[in-house]
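# Commentary on secondary and tertiary structure
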Amino acid sequence: MPDKIRQPQNGEYKAQLAQARLVWRTTFAEDNNERFSTVQKFVDSEIIRNMVPYTPMRGGYLMKSAVLGTKIGSGHIFYASPYARFQYYGFVMVSRTTGSPYARHGESKVLTHRKLNYSKTRHPKAQRLWFEVMKQDKKAVIMRGAQKIANKGK
């Protein structure tokens, strides 16, 4: 979970021509931590939901692994699938010993410069860097939703 807000200190600020005193409401941190936590949960959920059409899909495990691997509200999206990283960056990985895309259990693979070809059958928008593409398309919508939640109860 992202760091909680600590209660800011009251303070005096002086400049050559003026002086100001900033006094924080004593419940500032308590009031805002809950609201910000709710906003973060919304943002995390919306990111995962909105990435679906851009995520490559054969059996669906890659998409499910984002839900299984992410603690909603943490501010971090984590894919639990072992192949998520190379799928995301979009380059073929091969066995160190055979050069085949298939490797023995426990054998590490090396990255090639060959781009992956994504099937568009189930997700026509599937592509590499799907978070970045989704963000370009949906950022404003997610931000508006987060703003609505942040402004509730004010």
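Below is a summary of the structure that appears in this document. Note that the coordinates shown come from a computational prediction; the quantities given were computed from them, not determined experimentally.

Below, the discussion takes up the packing of helix α1 (residues 28–51) against helix α4 (residues 130–151). Their axes nearest at 9 Å, the elements α1 and α4 cross at an angle of 150 degrees. By the angle between their axes, α1 is roughly antiparallel relative to α4. Crossing angle aside, the handedness with which α1 passes α4 is right-handed. Contacts between α1 and α4 pair Arg-35, Thr-38, Val-39, Phe-42, Val-43, Glu-46, Ile-47, Asn-50 and Met-51 from the former with Trp-130, Phe-131, Met-134, Lys-138, Ile-142, Gly-145, Ala-146, Ile-149, Ala-150 and Asn-151 from the latter. The class makeup of the residues in the contact of α1 with α4 is 12 nonpolar, four polar and three charged.

Before going further, it helps to spend a moment on the environment of Lys-64. The residue Lys-64 is located in helix α2 (residues 61–69) in this model. Along the backbone, Lys-64 and Ile-149 are 85 residues apart, and their C-alpha atoms lie at a distance of 26 Å.

Together, Tyr-61, Leu-68 and Tyr-83 give the surface a local cluster of nonpolar side chains, amounting to about 310 Å² of exposed area. Note that Leu-68 resides in helix α2. Classification of Leu-68 as exposed rests on a relative accessible area of 64%.

Moving on, we get to the environment of Lys-14. Mapped onto the elements, Lys-14 comes out in strand β1 (residues 11–14). Residue classification places Lys-14 among the exposed positions, given a relative accessible area of 66%. A sequence separation of 57 residues divides Lys-14 from Lys-71, and the C-alpha atoms of the two residues are 44 Å apart.

Below, the discussion takes up α4. In this model, α4 (22 residues) spans 30 Å end to end at C-alpha, consistent with the 32 Å of a helix rising 1.5 Å per residue. Along α4, the sharpest change in direction is near 65 degrees and occurs at Lys-138. When we look at burial in α4, the residues that qualify are Trp-130, Val-133, Met-134, Ile-142, Gly-145, Ala-146, Ile-149 and Ala-150. Here the buried face of α4 lies against α1, α2 and α3 (84–89).

As a further point, take α2. Among all positions in α2, only Leu-62, Met-63, Ser-65 and Ala-66 are buried. Across the axial projection of α2, the buried residues extend over an arc of 155 degrees, all falling on one side. Facing away from the buried side of α2 by over 90 degrees, the exposed positions are Lys-64, Val-67 and Leu-68.

Quick notes on the rules
- Residues numbered from 1 in each chain as written.
- Predicted model: local features only at pLDDT ≥ 70, side-chain atom pairs only at ≥ 80, totals over all residues.
- Heavy atoms only, no water.
- Axes fitted to C-alpha atoms, helices over the stretch in contact; angles between N-to-C directions.
- Helix = DSSP H or I, 4+ residues; strand = E, 2+ residues; numbered from the N terminus.
- Parallel < 35°, antiparallel > 145°, perpendicular 65-115°, else oblique.
- Left-handed = near helix turned anticlockwise from the far one by under 90°.
- Contact = heavy atoms within 4.5 Å.
- Nonpolar A, V, L, I, M, F, W, Y, C, P; charged D, E, K, R; others polar.
- Patch = residues over 30% accessible without salt bridge, like charges linked within 9 Å, V, L, I, M, F, W, Y side chains within 5 Å.
- Areas by Shrake-Rupley, 256 points an atom, 1.4 Å probe, with all protein chains shown as cover.
- Salt bridge = Lys/Arg side-chain N within 4 Å of Asp/Glu carboxyl O.
- Buried < 20%, exposed > 50% of the residue type's maximum accessible area, 1.4 Å probe, protein only.
- Expected span 1.5 Å × (residues − 1).
- Bend = angle between axes of the 7 residues up to and from the residue.
- Arc of directions from axis to C-beta.

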